[in-house]
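# Observations on the model geometry
So you can see what is in the structure, the chains are spelled out below.
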Amino acid sequence: MKSQDTPFEGGPMDGRVLPVLLGITGHPPKTYRIPVPAPGGGPPTVLVYRRVPRGQSSRTGLTRGWKYLHDPTGRAGGRPRWPWSKPAPDPDATPKGRPEDTDG
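What you see is a predicted model; the values in this text were computed from it and never measured. (Residues numbered from 1 in each chain as written. Predicted model: local features only at pLDDT ≥ 70, side-chain atom pairs only at ≥ 80, totals over all residues. Heavy atoms only, no water.)

### Comments concerning the overall build of the protein chain
- Per the secondary structure count, the protein chain includes zero helices and five strands.
- Beginning at the N terminus, the succession of helices and strands in the protein chain can be written as β-β-β-β-β.
- Sorting the 104 residues of the protein chain into buried and exposed places 17% on the buried side.
- Once local pairs closer than 6 in sequence are excluded, the contacts in the protein chain between residues at least 24 apart make up 30%.
- For the protein chain, the exposed surface amounts to about 8,600 Å²; the carbon and sulfur share of it is 56%. (Helix = DSSP H or I, 4+ residues; strand = E, 2+ residues; numbered from the N terminus. Buried < 20%, exposed > 50% of the residue type's maximum accessible area, 1.4 Å probe, protein only. Contact = heavy atoms within 4.5 Å. Areas by Shrake-Rupley, 256 points an atom, 1.4 Å probe, with all protein chains shown as cover.)

The structure is reproduced here in structure tokens:
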């Protein structure tokens, strides 16, 4: 399999360059998840990095490469966004409805 040295920015991996496996299109994955084991043996925390273009060439406007930026929210963004799909509910939002509605 082919790999590419990809820089990481932000978060605990800031400044590191890791070899990342490329897909069949020749691009690294859109999200890169790094599980970090908990010191007490609990559930591991997962660092999430999102792929962004490293830069563009001035003549052709093509992407020069990719880098990963730290995503502190860690939300899943890997599902397709179809025009007929409902948007994902925001976990921080208040429930919908009129303010005078009560449960009781």
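There's more to say after this.
### Let's talk about the packing of aromatic side chains
- Enumeration over the complete set of coordinates arrives at five aromatic pairs.
- By the ring-pair criterion, three or more aromatic residues cluster together here, those being Phe8, Tyr32, Tyr49 and Tyr68.
- Its end group placed over the ring of Trp66, Arg51 keeps NZ or CZ at 4.2 Å from the ring centre. (Phe/Tyr/Trp six-rings, centres within 6.5 Å; stacked < 30°, edge-to-face > 60°. Lys NZ or Arg CZ within 6 Å of the ring centre and 35° of its normal.)

### Topic: the pairing of strand 1 (residues 3-9)
- Here strand 1 pairs with strand 2 (residues 17-21) via five bridges, running antiparallel. Bridging from a neighbouring strand, Ser3 pairs with Leu21 of strand 2.
- Bridge count for strand 1 against strand 5 (residues 63-70) is two bridges, and the pairing is parallel. Considered in strand 5, the bridge of Glu9 is made with Leu69. (Pairing = 2+ DSSP bridges.)

### A few points about the nonpolar core
- Counting residues in each nonpolar core, the largest one holds seven residues, listed as Phe8, Met13, Val20, Ile34, Leu47, Tyr49 and Tyr68.
- Contact partners of Leu47, with chain neighbours within four places excluded, come to Pro12, Met13, Tyr32, Arg33, Ile34, Val36 and His70. (Core = buried A, V, L, I, M, F, W, Y, C linked by side-chain atoms within 4.5 Å.)

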